[in-house]
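An overview of the molecular structure
Residue strings, one per chain:
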Amino acid sequence: MITVLSGGTGTPKLLQGIKEIVKPEDLTVIVNTLENNYFSGVYVSADIDTVMYTLCNLINDELWYGRKDDTFYTHDTLEKLGYHEKLRIGDKDRALKIQKTELIKKYTLQEAVQIQKNALGIKSNILPMSNEQPTVKIDTNEGLMSFHDFLITHQSKPEVKDVIYKEVEPTDGVIEAIEESDHVIIGPSNPITSINPILIMPGVKSALKKTYVTSVSPIIGDSAVSGPASKFMKAKGYDVDCMGVCSIYKDFLNHYIINTTDYKYKNIIEKMISKVSVENIILKNMEDKIQLAEKILRID
C-alpha cells in the first residue's frame, strides 16, 4: 500500500508517474484542503479536484488546474454581464464544483469526494485531509490577505511576513492510511501551505514515524519549482533550499530526493537523515515522471 501526501501542483505531476506503476486500489492520496473556499457561488477544493482529474486522466496539465477538455462559455458570459470571477472556472469543472457544493450540504467533504471520485471511475482512495472548513491568511507588507487574494489578485508579489492557519482534525482513515502503508511519499508540493497543514494535524507525525517515508524536494537551488513556496518558507524562518525543506520533515523522514544540481547538499543532509538520493526531479514529460516514481518505490 502506498500513501501520498499531496497539494495541487507539484505532487500531481509525480502522481502521473506513480499511477502508471502502482495498482489503483493500492494507492491512497491524502490531499491538502487549506485553500478550500467558495467562489462564484460554488465550493472550490482545487487541490482535491486536481488530484481527481490527474487520477482519471482529465487534468489540464498545462495549468495544473481544471480539465484539459473544458470550455469557458459560462465564465465568458459572466464577464460580458459585468461579473468578474476571481477564479476562471471551466464549464465541465464548474459542474463538478456545483455538485460538490450541493453534496456538502448533506454529506461531509470526505463523503462528497468519495461520491465524485467513484463517478469519475477512480479506484484509488482520495482522502481530504480534513472535513473542517479551514482558514488561512497571508500577512504581507500590504496588509493581511486571503490566500487567493495574495495568489491571484496580487499575483504573489507582496513581501510575506507570515502565513497564518490553525490546526484541524484529520478525516476518518487518514491516520490509518499512513500507519498501514508500506511507503508514504511526500510529494514536491509547497511545504508550508500544502504539506505542513497535513503534518500538524493530531496524530499525523506519530503515524509517519511508524512507516517508511520518502520526500521529493519542491525546491531546486534557491527557488521553488512552482508557486510561492520560497516566500512562505522565508517568512516561516526556513532556508529556501532543499536543506530547509528537509529540516521541516527530518523527524520522520527516511529517504530524501534532491535534484542533480543540488548535489553539493547531499553530504550535509545525510547528517540529518539516513538516505539521500540525487535525481532529476524536473518532471518535463511522462518518461521523467515514471522514472522518478520507479526510483522512489525502489527501496534499498
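Attention here is on the structure that accompanies the text. Just so you know, the residues in each chain are numbered from 1, in the order the chain's sequence is written. Under the rules for a predicted model, residues below a pLDDT of 70 receive no local features and side-chain atom pairs below 80 are neither given nor counted, while totals for whole chains, interfaces and linings still include all residues. Values reported for side chains reflect all heavy atoms of the structure, with hydrogen atoms and water molecules removed beforehand.

Description of the sheet that holds strand β1 (residues 2–6)
Convention followed: DSSP-based pairing: two strands are paired if at least 2 bridges between them are found. Segments assigned H or I by DSSP are reported as helices when at least four residues long, segments assigned E as strands when at least two residues long, and all are numbered from the N terminus. The axes used here are C-alpha line fits, helices contributing only the stretch in contact, and every angle between their N-to-C directions lies in the interval 0 to 180 degrees. Residue contacts are defined here by distance: any two heavy atoms, one from each residue, within 4.5 Å place the two residues in contact.
Judged by pairing direction, the sheet is parallel, and its 7 strands sit side by side in the order β5-β2-β1-β9-β10-β13-β14 without closing on themselves. Two strands bound the open sheet, and with one partner strand each, they are β5 (125–128) and β14 (275–279). If you compare each strand with its neighbour and ignore which way they point, the axes differ by 20 degrees on average. Packing against the sheet, helix α2 (residues 46–55) makes contact with β1, β2 (27–31) and β5, and its axis sits at approximately 155 degrees to β2.

Points about the packing of aromatic side chains
For the record, the criterion: Two aromatic rings, drawn from Phe, Tyr or Trp (for Trp, its six-membered ring), form a pair once their centres lie within 6.5 Å of each other, and the interplanar angle then sorts them: stacked below 30 degrees, edge-to-face above 60, tilted otherwise. Note on classification: 1.4 Å probe, protein chains only; a residue is buried when its accessible area is under 20% of the maximum for its type, exposed when over 50%, partly exposed between these limits. Both a distance and an angle decide whether a charge sits over a ring: NZ of Lys or CZ of Arg must be within 6 Å of the ring centre and within 35 degrees of the ring normal.
If you walk through the whole model with that rule in mind, you get 4 aromatic pairs. Where Y249 meets F252, the ring centres are 6.3 Å apart and the plane angle is 35 degrees; that geometry is what we call tilted. With respect to class, Y249 is no different from F252; both count as buried. Put simply, the rings of F147, F150 and F232 touch in pairs and so form one group of aromatic residues. Stacked on the ring of F72, the Lys or Arg R88 has its end atom at 3.6 Å from the ring centre.

Focus: the layout of surface pockets
Over the atoms, a rolled probe matching the size of one water molecule traces out where space is still vacant. This is how the line gets drawn: Method remark: on a 1 Å grid restricted to protein atoms, a set of points is classed as a cavity if a 1.4 Å probe fits but cannot get out and as a pocket if it is open with protein on both sides within 12 Å along at least five of seven lines; lining residues have an atom within 4 Å of a point. Grid points are joined across faces, edges and corners, and a volume is the space filled by probe spheres set on the points. Only Asp, Glu, Lys and Arg are considered charged in this grouping, and only Ala, Val, Leu, Ile, Met, Phe, Trp, Tyr, Cys and Pro are considered nonpolar; every other residue, Gly among them, is considered polar.
Empty space within the largest pocket amounts to approximately 910 Å³. Lining the largest pocket are 43 residues, with T9, L63, W64, Y65 and L151 positioned closest to its centre. The set of elements that each furnish at least two residues to the lining of the largest pocket consists of α1 (10–21), α2, α6 (147–153) and α8 (191–199). The element best represented in the lining of the largest pocket is α6, accounting for 4 residues. The calculated volume of the second largest pocket comes to roughly 150 Å³. Going through the elements one at a time, β3 (37–39), β6 (136–140) and α6 are the ones with two or more residues in the lining of the second largest pocket. Of the residues in the lining of the second largest pocket, the class split is 5 nonpolar, 6 polar and 4 charged.

Thoughts on helix α13 (residues 286–297)
Each α-helix turn comprises 3.6 residues. Residues three or four places apart therefore point the same way. We count it as follows: An expected span of 1.5 Å times one less than the residue number is assigned to each helix. Note that the arc is defined by the directions from the helix axis to the C-beta atoms. Each polar contact in these results corresponds to two N or O atoms within 3.5 Å; when the atoms are within protein, one needs to be able to donate a hydrogen and the other to accept it, and residues that are neighboring in sequence are counted only if both atoms are side-chain atoms.
The end-to-end C-alpha separation of α13 is 17 Å, in line with the 16 Å expected for 12 residues at 1.5 Å each. Every buried residue belonging to α13 is among D288, K289, L292, A293 and I296, and all of these are buried. On an axial view of α13, the arc spanned by its buried residues comes to 130 degrees, and they lie on one face. For α13, the capping residue at the N-terminal end is N285, with a side-chain oxygen 3.2 Å from the backbone nitrogen of E287.

Quick notes on the side chain of S194
Note on placement: S194 falls in helix α8. Classification of S194 by relative accessible area gives buried; the value is 5%. Those residues in contact with S194 that lie beyond four places of it in its chain are S6, G7, N32, E35, D47 and S189.

Let's talk about the environment of V245
With respect to the helices and strands, the residue V245 is situated in helix α11 (residues 242–249). Classification of V245 as buried rests on a relative accessible area of 0%. Sequence separation between V245 and N196 is 49 residues, and the spatial gap between their C-alpha atoms is 11 Å. If sequence neighbours within four positions are ignored, V245 has contacts with P191, S217, P218, I219, M233 and Y256.

Some words on the sheet that holds strand β8 (residues 160–165)
Here we have 3 strands laid out as an open sheet, ordered β7-β6-β8, and antiparallel in their pairing. The sheet is open, and its two edges are formed by β7 (143–146) and β8, each paired on a single side. Shown here is a sheet whose adjacent strand axes are inclined to one another by a mean of 25 degrees, direction ignored.

Treat this as a map of the structure, not an account of what it does.
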